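# Structure assessment
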Amino acid sequence: IRGKAKYDTGKYSEAIKDFNKVTEDGCYNKLTKKLDDCNHVENCQRSYENAVWYRAMSMHALKKYQEAIKDYDWIISNGKSAYYLIMATENLGRCYYGLRDYKSAMNYFEKEHKKYPNNIHAAALLCETKFYAWDALQSDEKPNAIVAFCGQVLQKDPDNKIAKKTINKLAASIKQKIDVLND
């Protein structure tokens, strides 16, 4: 895909235009009309999926989260690549996180954590998102449960910066809330 080179060099807006051409004009769309339009159906499907994936990644990099969410959802519903399917779930969480919809982000990170409990990075992102959801009043989770979950991450990876930072942020937030109550 020609847009991939632009994506790799950080020219996301230009890459999106190329990926749109593949998804709008590509032979994959013609498959729904007539299978004979494409000699290599599998290659067309792969090209289309790659275009959708990299368009989502480009939109994500440009912080166009709503557009990226649509493409990640398409990957989850229609994708064939195991890697894209796994990463789309995590990236959906990241998009909702970017939108400050921590409850939705938490939902995707929890799905990722349940599927892949040994994925420390996904667990750390879930730890951090649990804090932000609690802090933004988007979650009923108790601070001690968040600390316990972050502690589980730290047991597996004692140097995990995200989990350590989250515990520190949680402590500072609790202290600030107590100080407000005491004033």
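The rules behind the values
Residues numbered from 1 in each chain as written. Predicted model: local features only at pLDDT ≥ 70, side-chain atom pairs only at ≥ 80, totals over all residues. Heavy atoms only, no water. Axes fitted to C-alpha atoms, helices over the stretch in contact; angles between N-to-C directions. Helix = DSSP H or I, 4+ residues; strand = E, 2+ residues; numbered from the N terminus. Parallel < 35°, antiparallel > 145°, perpendicular 65-115°, else oblique. Left-handed = near helix turned anticlockwise from the far one by under 90°. Contact = heavy atoms within 4.5 Å. Nonpolar A, V, L, I, M, F, W, Y, C, P; charged D, E, K, R; others polar. Salt bridge = Lys/Arg side-chain N within 4 Å of Asp/Glu carboxyl O. Buried < 20%, exposed > 50% of the residue type's maximum accessible area, 1.4 Å probe, protein only. Expected span 1.5 Å × (residues − 1). pLDDT = per-residue confidence, 0-100. Core = buried A, V, L, I, M, F, W, Y, C linked by side-chain atoms within 4.5 Å.

### A look at the packing of helix 5 (residues 65-78) against helix 6 (residues 82-98)
The geometry of a pair of packed helices is captured by two quantities: the angle between their axes and the separation between those axes. Two elements in contact, helix 5 and helix 6, have axes separated by 9 Å at closest approach and are oriented at 155 degrees. The angle between the axes of helix 5 and helix 6 places the two elements in the roughly antiparallel class. Handedness of the helix 5/helix 6 crossing: left-handed. Along the contact surface, helix 5 presents Tyr 65, Ala 68, Ile 69, Tyr 72, Asp 73, Ile 75 and Ile 76, while helix 6 presents Tyr 84, Leu 85, Ala 88, Thr 89, Asn 91, Leu 92, Cys 95, Tyr 96 and Gly 98. Across the contact of helix 5 with helix 6, the residue classes break down as 12 nonpolar, three polar and one charged.

### Focus on the pattern of salt bridges
Pairs may arise between side chains of opposite charge once their charged atoms sit close together. This structure, assessed with the given rule, holds nine salt bridges. Among the salt bridges present, the one from Asp 8 reaches Lys 4, with a minimum N-O distance of 2.8 Å. Pair noted here: Asp 8 and Lys 4 are both in helix 1 (residues 2-8), with a separation of four residues, about one helical turn. One salt bridge in this structure joins Lys 130 and Glu 141, with 3.1 Å as the shortest N-O distance. Residue Lys 130 is located in helix 8 (residues 120-135), and its partner Glu 141 is located in the loop between helix 8 and helix 9 (143-156); the two are separated by 11 residues in the primary sequence. Relative accessible area serves as the criterion here: at 22%, Glu 141 is assigned to the partly exposed category. Where salt bridges share partners, they join Glu 110, Lys 130 and Glu 141 into one cluster.

### Quick word on helix 5
A rise of 1.5 Å per residue sets the reference length of helix 5, with its 14 residues, at 20 Å; its end C-alpha atoms lie 20 Å apart and thus fit the reference within 8%. Listing the buried residues of helix 5 in full gives Tyr 65, Ala 68, Ile 69, Asp 71, Tyr 72 and Ile 75.

### Some remarks on the side chain of Glu 90
By secondary structure assignment, the location of Glu 90 is in helix 6. Here Glu 90 is in contact with Phe 109, Glu 112, Asn 119, His 121, Ala 122 and Leu 125, once residues within four sequence places are set aside.

### Here's the deal with the environment of Asp 140
Along the chain, Asp 140 falls in the loop between helix 8 and helix 9. Since its relative accessible area comes to 73%, Asp 140 is described here as exposed. Once the C-alpha coordinates of Asp 140 and Lys 130 are considered, the two residues, 10 residues apart in sequence, prove to be 9.8 Å apart.

### Observations regarding the confidence of the model for the chain
On average, residues of the chain carry a pLDDT of 88, and 90% of them reach 70 or more. Within the chain, no element has a lower average pLDDT than helix 3 (residues 27-31), which sits at 48, and none a higher one than helix 5, at 96. For residues 29-38, every residue scores under 50 in pLDDT, and the model assigns this stretch 12 contacts once sequence neighbours within four places are set aside.

### As for the environment of Asp 135
Along the chain, Asp 135 falls in helix 8. When sequence neighbours within four positions are dropped, the list of residues in contact with Asp 135 reads Ser 173 and Lys 177.

### A look at the nonpolar core
Most often, soluble globular proteins keep nonpolar side chains buried together rather than apart. Membership of the largest hydrophobic core comes to 43 residues, with the highest contact counts inside it found for Trp 53, Tyr 72 and Val 153. Among the elements of the structure, helix 2 (12-25), helix 4 (41-61), helix 5, helix 6, helix 7 (102-115), helix 8, helix 9 and helix 10 (161-182) are those that each provide at least two residues to this core. Tallying contributions element by element places helix 8 first for this core, with 10 residues. Those residues in contact with Trp 53 that sit more than four places away from it in its chain are Tyr 72, Ile 75, Tyr 83, Tyr 84, Met 87, Ala 88 and Asn 91.

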